[in-house]
Amino acid sequence: MIEYESLAQANRALMEELEAVASRVIRSGWYILGNEVSSFEAEFAAFAESKHCISVANGLDALILSIEALDLPKGSEIMVASNTYIATILAILRAGHKPVLVEPERETFNIDPERLPAALTRHTQAICVTHLFGKACRMTEIAAFASEHGLKVIEDCAQSHGARYDGKLTGTFGVAGCFSFYPTKNLGALGDAGAIVTDDDEFADRLRHMRNYGSKKKYENVYIGVNSRLDEMQAAFLRVKLRHLDQVTEHKRALAGIYFANLPNWLAQPLRRPAEYDVFHIFGIRHPARDELRQWLLDNGVKTEIHYPIAPHRQKAMQGILSGDYPIADELHATELSLPISAGHSKDEIERVCSLLAALPEKLKLAA
């Protein structure tokens, strides 16, 4: 069986390093906001080509705190992709604002810049883009639109560690880039973890207060904050894994290359553009008979995933909050299938997946 993702396999090569830093942290006796956190923040800021990195407990908190730190009028409208992972929308709601859904491009799953003007109103204050699956949004156009209309830009980079558009890293186009280090990410902790990168000194200072009860100095509270701190253990693990991230990215890009070279033409594959450097957090194909294709692959020894089976506006929690019709989002959520592509997969395994898809039963080929 080819697993969709095996974290044990992916982490096996780093086991000695991870165990060594775990012992170091335990023996240090310092577990919150210590040297491991400050060192990771400096190292990740350098990687992300940003002036500041503010680590937090998880990716959702990174988004919520970044949007809150914009200090927008309550109830402001914030544009967001109609097919994004629900966390991006939850962050807007938790910060007290209104998500306005904008349809994506079918070929990239990312928000379509050409649809932004139709969603603009006098209440629009920001755009929150999500770089889905490791592919950068068309940020040059989005940033130009935002600048023209005085809008803030927050980037959800939970799936795009190291991805670029026109040579520029995701997370550096707007006010802030928000990262998740959930264990399955290209840069994944061994638990929940997140971070925000920014070049804005004042914004960074506010975030450092907000993540720690609104305080930078013990018992002095400047803002109404929260408890959202990256712990020393996860920071230490992330420092180890950050040193290997470029290698992980190149491995995943090589696996994607096998898919592109061998998958049949009738199967809808990720779009590649010269301006984009894709890190392939997810390799998402599309097929009208997605569920039947997924079952056929499982029956033949390949596990897959769906990102994501239910569109945000169809979620029970969003009824009465998100309104309107979003046919492109509905189509993508009904047809997307994620093929195995992880640090723990071998080239032979990916070639086997390609061979199976080439031998797909005729009825499934015709459905495409």
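All residue numbers refer to position in the chain's written sequence, counted from 1. At least 70 in pLDDT is required for a residue's local features to be given in this predicted model, at least 80 for side-chain atom pairs to be given and counted, and no such filter applies to totals for whole chains, interfaces and linings, which use all residues. Here the side-chain values reflect all heavy atoms present in the structure, with hydrogen atoms and water set aside.

Digging into the pairing of strand β5 (residues 152–156)
Selection rule: Three exposure classes are used, based on accessible area relative to the maximum for each residue type with a 1.4 Å probe and protein chains only: buried under 20%, partly exposed in between, and exposed over 50%. Strands are runs of DSSP state E lasting at least 2 residues, helices are runs of H or I lasting at least 4, and numbering of each runs from the N terminus. Here a strand pair is declared whenever DSSP counts at least two bridges between the two strands. For a crossover, the right-handed case is the one in which the path from the first strand over the helix to the second runs clockwise, viewed with the strands pointing away from the viewer.
Of all 5 residues that make up β5, 4 are buried, and the element is covered over most of its length. Here 5 bridges tie strand β4 (residues 124–130) to β5, and the two strands are oriented parallel to one another. Paired with V129 across the bridge in β5 is E155. Where the polypeptide runs from β4 across helix α7 (residues 139–149) and back to β5, its parallel neighbour, the crossover connection is right-handed.

Remarks on the nonpolar core
Our working definition: Definition used in this section: a nonpolar core is a set of buried Ala, Val, Leu, Ile, Met, Phe, Trp, Tyr and Cys residues joined via side-chain atoms within 4.5 Å. Contact between two residues is taken to exist if any of their heavy atoms lie within 4.5 Å; hydrogens are not considered.
Ranked by size, the top nonpolar core spans 33 residues in total, and within it I67, L70, I78, I154, I196, F203 and L207 carry the most contacts. With 6 residues, the single largest contributor to this core is helix α4 (residues 59–69). Not counting chain neighbours up to four residues away, the residues in contact with L70 comprise A126, K152, I154, V175 and F203. In this structure, F260, L263, L267 and I306 belong to the second largest nonpolar core, which totals 27 residues.

Quick word on helix α2 (residues 15–28)
For the record, the criterion: Every helix has an expected span of 1.5 Å times one less than the residues it contains. Each C-beta atom gives one direction from the helix axis, and the arc is the one those directions make.
Helix length check: α2, at 14 residues, gives a terminal C-alpha distance of 20 Å against a target of 20 Å (1.5 Å per residue), a fit within 8%. Taken together, the buried positions of α2 are occupied by L18, V21, A22 and V25. The arc enclosing the buried residues of α2, seen along the axis, measures out at 105°, which places them on a common side. In α2, the exposed residues that point more than 90 degrees away from the buried face are E16 and R27.

As for the pattern of salt bridges
This is how the line gets drawn: By definition, a salt bridge exists where a carboxyl oxygen of Asp or Glu is found within 4 Å of a side-chain nitrogen of Lys or Arg.
The tally for this structure, following the rule as stated, stands at 24 salt bridges. Put simply, K217 and E220 hold a salt bridge, and the shortest N to O gap is 3.6 Å. Looking at K217, the relative accessible area reads 55%, which means it is exposed. Among the residues examined, E220 registers a relative accessible area of 43% and is labelled partly exposed. E276 is the salt-bridge partner of R273, the closest N and O atoms lying 3.3 Å from each other.

As for the sheet that holds strand β1 (residues 52–56)
The cut-off we apply is this: Fitted lines through C-alpha atoms serve as axes, helices being fitted only where they are in contact, and the angles separating the N-to-C directions of these axes extend from 0 to 180 degrees.
Spatial ordering of the open sheet is given by β1-β9-β8-β5-β4-β2-β3, a layout of 7 strands whose pairing is mixed. Since the sheet does not close on itself, it has two edges, and those belong to β1 and β3 (98–102), each with one partner. Sheet twist, expressed as the average angle between the axes of neighbouring strands with direction ignored, equals 25°. Pairing of strand β2 (residues 77–81) with β3, which is carried by 5 bridges, proceeds in the parallel orientation. When the bridges of β3 are listed, M79 appears paired with V100. Contacting β2, β3, β4 and β5, helix α5 (residues 86–94) runs over the sheet at an angle of about 150° to β3. Where helix α8 (residues 201–210) meets the sheet, its contacts fall on β1, β8 (176–180) and β9 (194–198), and the angle it forms with β1 comes to roughly 20°.

Examining the sheet that holds strand β10 (residues 276–277)
Sheet architecture is open: 3 strands sit in the order β7-β6-β10, paired in antiparallel fashion. Lying at the two open borders of the sheet, with one neighbouring strand each, are β7 (168–169) and β10. Sheet topology places strand β6 (residues 164–165) next to β10; 2 bridges connect them, and they run antiparallel. Its bridge partner being in β10, R164 is matched across the sheet by Y277.

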